[in-house]
Amino acid sequence: MTVMLSRLLIVDDDATQIGQLADNFARYGLHVAGAASALQMRERLAQEEYALVVLDPAVAPGQGAALLHELAIERRLPVIVHSAACSDADRIAALELGAEDCLSKPANPRELLARIRAALRGRTGSARAVQAPVARSVASFEGWRVDMTTGQLFNPVGMPIALSDGEFQLLRVFIEHPRQVLDRTHLLDRVYGATSDHYDRSIDVQLCRLRRKLSACGLKGPVIRTIRNEGYMFVHTVSN
């Protein structure tokens, strides 16, 4: 693990808890810095790179959601929410805003450490190199055919399947990278462009629509598999 990948930022106004967690995590090779406010958090982030942020949204009353969005979406940092307010509704909201996990405060340090390690493994796994796309004019899988030039999809009996532009662009990326794990960042860049302001969850919406449409049109099984903490993989072999 590199120095950056072992550096954590804990955003919490409880200095005692930060100290206890820092001592505990140090035994496992993790280096902890603390921030008691949103302002101090931004100062820390400007000075150093961190692998992950443990966030108590209570440091910014009424602005916790915006703070999580800033970290997880704008800065693309993995975030574990550690909060006294962690009901099912709070946890779902945190996950929808981009958090890796949400634990009720005070969490067992061993459990928090396990969640941190899982999130870090997910990020290092999703950072694997993606092979160059395979150039195809027509691609086939499981009897289905995709015309990459015209942007049309045909089922095994030759019937065209109507796809939106976003759905087809997403399918194209998977067809070009069959049986490779693709993370959200790669999918966002390929579907919407590197300069787009779309959020990670936009891909989830398009993916849900594409899966639902393919299933409704008769394609059985997990065509696009979710790989936990890593991304998505098109499971079928693709041929010309």
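These numbers were taken from a predicted model, which means no experiment stands behind them. (Residues numbered from 1 in each chain as written. Predicted model: local features only at pLDDT ≥ 70, side-chain atom pairs only at ≥ 80, totals over all residues. Heavy atoms only, no water.)

Focus on the overall build of the chain
Looking only at helices and strands, the chain features eight helices and twelve strands. A buried classification covers 46% of the 240 residues belonging to the chain. For the chain, the exposed surface amounts to about 12300 Å²; the carbon and sulfur share of it is 50%. (Helix = DSSP H or I, 4+ residues; strand = E, 2+ residues; numbered from the N terminus. Buried < 20%, exposed > 50% of the residue type's maximum accessible area, 1.4 Å probe, protein only. Areas by Shrake-Rupley, 256 points an atom, 1.4 Å probe, with all protein chains shown as cover.)

Observations regarding helix α1 (residues 15-26)
Between its terminal C-alpha atoms α1 stretches 16 Å, which fits the 16 Å expected from twelve residues at 1.5 Å a residue. The set of residues buried in α1 consists of Gln17, Ile18, Leu21, Ala22, Asn24 and Phe25. What you see down the axis of α1 is that its buried residues fit within an arc of 165°, all on one side. Those residues of α1 that are exposed and aimed more than 90 degrees away from the buried face are Ala15, Thr16, Gln20 and Asp23. (Expected span 1.5 Å × (residues − 1). Arc of directions from axis to C-beta.)

Some thoughts on a positive patch on the surface
A cluster of basic side chains, namely Arg27, Arg110, Arg117 and Arg121, defines a positive patch on the protein surface. Within the secondary structure, Arg110 is located in helix α5 (residues 109-126). When its relative accessible area of 56% is taken as the criterion, Arg110 is described as exposed. (Patch = residues over 30% accessible without salt bridge, like charges linked within 9 Å, V, L, I, M, F, W, Y side chains within 5 Å. Salt bridge = Lys/Arg side-chain N within 4 Å of Asp/Glu carboxyl O. Lys, Arg positive; Asp, Glu negative; His and termini not counted. Charge placed at Lys NZ, Arg CZ, Asp CG, Glu CD.)

Let's talk about the sheet that holds strand β6 (residues 138-141)
Ordered by their spatial adjacency, four strands build an open sheet running β6-β7-β8-β9, and the pairing between neighbours is antiparallel. For this open sheet the edge positions go to β6 and β9 (160-161), each flanked by a neighbour on one side alone. The pairing of β6 with strand β7 (residues 144-147) spans four bridges and is antiparallel. Residue pairing in the sheet places Phe141 in a bridge with Trp144 of β7. Seen against the sheet, helix α6 (residues 165-176) touches β6, β7 and β8 (152-154) and runs at an angle of roughly 110° to β7. (Pairing = 2+ DSSP bridges. Contact = heavy atoms within 4.5 Å. Axes fitted to C-alpha atoms, helices over the stretch in contact; angles between N-to-C directions.)

So, the packing of α6 against helix α7 (residues 184-192)
Relative to each other, α6 and α7 sit at 125°, their axes nearing to 9 Å. Taken together, the axes of α6 and α7 are oblique relative to one another. Seen along the crossing, α6 lies across α7 with a hand that is right-handed. Of the residues in α7, those in contact with Gly166, Gln169, Leu170, Val173, Phe174 and Glu176 of α6 are His186, Leu187, Arg190 and Val191. Looking at side-chain class alone, the contact of α6 with α7 contains five nonpolar, three polar and two charged residues. (Parallel < 35°, antiparallel > 145°, perpendicular 65-115°, else oblique. Left-handed = near helix turned anticlockwise from the far one by under 90°. Nonpolar A, V, L, I, M, F, W, Y, C, P; charged D, E, K, R; others polar.)

Looking at the environment of Val205
If you trace the backbone, Val205 turns up in helix α8 (residues 200-216). Residue Val205 is classed as partly exposed on the basis of its relative accessible area, which comes to 40%.

Details of the pairing of strand β3 (residues 52-55)
Alternating positions in β3 separate into two faces, Leu52 and Val54 on one and Val53 and Leu55 on the other, with burial throughout. As defined by bridge partners, strand β1 (residues 7-11) adjoins β3 across four bridges and the pair is classed as parallel. If you follow Leu9 over to β3, its bridge partner there is Val53. Of the strand pairs in this sheet, β3 and strand β4 (residues 79-83) are connected by three bridges, and their pairing is parallel. Residue Leu55 lies in a different strand from β4, and its bridge partner there is Val81.

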